[in-house]
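Listed below are the residues making up each chain.
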Amino acid sequence: MVTSNRSHTRDCVSIVKPKHATEGATAWLLLAYKVPREPTSARVYVWRKMKQLGALALQDAVWVLPATSRTQEQFQWLEAEIVELGGEVTLWTAQPASENQGQSLQQQFEQQVDVEYREILDQLKKKARDLTALSRRYQQAHSRDFFQSELGQKVRQALLAAEGESKR
Amino acid sequence: MKWVTWENVGVDRMACAWLIRKHIDPKATFLFVPKGTSELPKGAEPFDIPGVRLSHRRGHCSFHTMLDEYKLTDAVLRRIARIVDEADTVQVVTVEPAAAGLDFICDGLRLTSPDDATALERGGLVYDALYARLAADAKQGGSK
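On a predicted model such as this, the values are computed, not experimentally measured, just so you know.

Participant: Let's hear about the overall build of chain A: which residues, and what values?
Facilitator: Secondary structure assignment for chain A yields 6 helices and 4 strands. Its helices and strands in sequence order give chain A the pattern α-β-α-β-β-α-β-α-α-α, from N to C terminus. The buried share of chain A, reckoned over its 168 residues, is 26%. Summarising the internal contacts of chain A: among those between residues at least 6 apart in sequence, 74% fall at separations of at least 24.

Participant: With reference to specific residues and values, describe the pairing of strand 1 (residues 2–6) of chain B.
Facilitator: Residue and element names in this part refer to chain B. When you tally the buried positions in strand 1, you get 4 out of 5 residues, the bulk of the element. As judged from the 5 bridges shared by strand 1 and strand 2 (residues 29–33), these two strands associate in the parallel manner. Across the sheet, Thr 5 pairs through a bridge with Phe 32, a residue of strand 2. Once you follow strand 1 into helix 1 (residues 11–24) and on to strand 2, the crossover reads as right-handed.

Participant: I'd like a description of helix 1 of chain B, backed by residues and values.
Facilitator: Residue and element names in this part refer to chain B. In this model helix 1 runs 19 Å from its N-terminal to its C-terminal C-alpha over 14 residues, within 8% of the 20 Å that 1.5 Å per residue would give. With 10 of its 14 residues buried, helix 1 lies for the most part within the structure. When helix 1 is considered as a whole, its buried residues turn out to be Val 11, Asp 12, Arg 13, Met 14, Ala 15, Cys 16, Ala 17, Trp 18, Leu 19 and Ile 20. The elements touched by buried residues of helix 1 are strand 1, strand 2, helix 2 (62–69), helix 3 (75–88), helix 4 (98–112) and helix 5 (116–140).

Participant: Account for the interface of chain B and chain A, with residues named and values stated.
Facilitator: By a widely used convention, the size of an interface equals the accessible area lost when the partners come together. Listed as interface residues are 14 residues of chain B and, on the opposing side, 17 residues of chain A. Looking at the side of chain B that touches chain A, its residues break down into 4 nonpolar, 7 polar and 3 charged.

Participant: An account of the nonpolar core is needed here, citing residue identities and associated values.
Facilitator: One finds Met 14, Ala 15, Cys 16, Phe 63 and Val 84 of chain B to be the most contacted residues of the largest nonpolar core, which totals 32 residues. Those elements giving two or more residues to this core turn out to be strand 1, helix 1, helix 2, helix 3, helix 4 and helix 5 of chain B. Among the elements that take part in this core, helix 1 of chain B stands out by supplying 8 residues, more than any other. What Cys 16 of chain B contacts, discounting residues up to four positions off in sequence, is Phe 47, Asp 48, Ser 62, Phe 63 and Met 66 of chain B. Val 64, Leu 78 and Leu 91 of chain A together with Val 90 of chain B belong to the second-largest nonpolar core, a separate cluster that totals 18 residues.

Participant: Could you give an account of the environment of Lys 139 of chain B, naming the residues involved and the relevant values?
Facilitator: Locating Lys 139 of chain B in the fold gives a position in helix 5. Separated by 54 residues in sequence, Lys 139 of chain B and Asp 85 of chain B place their C-alpha atoms 23 Å apart.

Participant: Can you break down the sheet that holds strand 1 of chain B residue by residue, with the values?
Facilitator: Residues and elements named next belong to chain B. Sheet architecture is open: 3 strands sit in the order 2-1-3, paired in parallel fashion. Both edges of this open sheet fall to strand 2 and strand 3 (44–46), since each of them pairs with a single strand only. Looking at each pair of strands side by side, their axes are set apart by 35 degrees on average, direction ignored. As defined by bridge partners, strand 1 adjoins strand 3 across 3 bridges and the pair is classed as parallel. Within the sheet, the bridge partner assigned to Val 4 lies in strand 3 and is Pro 46.

Participant: Run through helix 4 of chain B, naming residues and quoting values.
Facilitator: Quick reminder: α-helices carry 3.6 residues per turn. Residues three or four places apart thus point the same way. Residues and elements named next belong to chain B. Between its first and last C-alpha atoms helix 4 spans 21 Å; for 15 residues at 1.5 Å apiece the expected length is 21 Å, and the two agree. Every buried residue of helix 4 is accounted for by Leu 102, Asp 103, Cys 106, Asp 107, Leu 109 and Arg 110. The arc that holds the buried residues of helix 4, viewed along the axis, is 155 degrees, so those residues lie on one side. With respect to the buried face of helix 4, the exposed residues turned more than 90 degrees away are Gly 101, Leu 111 and Thr 112. Residues of helix 4 that are buried in the fold lie against helix 1, helix 3 and helix 5.

Criteria and thresholds
- Residues numbered from 1 in each chain as written.
- Chains lettered and ligands numbered in written order.
- Predicted model: local features only at pLDDT ≥ 70, side-chain atom pairs only at ≥ 80, totals over all residues.
- Helix = DSSP H or I, 4+ residues; strand = E, 2+ residues; numbered from the N terminus.
- Buried ≥ 20, exposed ≤ 12 C-beta atoms within 10 Å, placed from the backbone.
- Contact = placed C-beta atoms within 7 Å.
- Pairing = 2+ DSSP bridges.
- Right-handed = clockwise from strand over helix to strand, strands pointing away.
- Expected span 1.5 Å × (residues − 1).
- Nonpolar A, V, L, I, M, F, W, Y, C, P; charged D, E, K, R; others polar.
- Core = buried A, V, L, I, M, F, W, Y, C linked by C-beta atoms within 7 Å.
- Axes fitted to C-alpha atoms, helices over the stretch in contact; angles between N-to-C directions.
- Arc of directions from axis to C-beta.

Structure (structure tokens):
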């Protein structure tokens, strides 16, 4: 098992990522794993957790998340679970070698959560909309919104406005 | 008895420490080691550290594991375990709306406490309160 070094952990104590972090200065968590082919449920289980965490698969090989104290903890427990399932796993904290790579990675994360946000906005336009279900979806998407998407603010406002309308 | 965990405690470790003091070892003292440390002080029982006996198991939080290990079957404690599960790790099914709030409050307690020992003390108040609230529910036979 590869664990993060101490000074890095200290740097990542803040729970909320500062919005204007220096461009390209984000540290990343990389997780590579293998679980036994059988049972397939174990593979599905890990994959589903990755999706729920909002992790991205790079080249279908390495899963990545921006490093915060929260994501670090989530990956660290997932690491333990993969071992429990009889798999092998390595977890790293890393800096991309170039600023461009970091930025493009950030964009991929932004795009991923914006897709979710856009779906909610589309649903909100419909007449027969389920505000309770949509607000729940917003909360789930928000938990994967690592770079404070502006669209997320828009969804929140739209949900609150929709609630106002329904109260009239 | 001495107990040891990683520093910078959060929702699960506050729950575990509260449980230890209440139900397992009233005279417990807690030690803290930096996150990622694999060498642990001898003679102290480690908890909520990957790979130790009292840790996450089958997708459940360490608090849940502790209930199993110490055969604590109180229904209210079981309910708290579910809440901590949802607060501490990503679950496919979520049935406890208190989970997200509890997680935030415990994070905040760490931020407003001078050290981990104090954070655990203060966290104990939160879990006392949570237990009392859930026990009142259970008495009425309701779940809300």
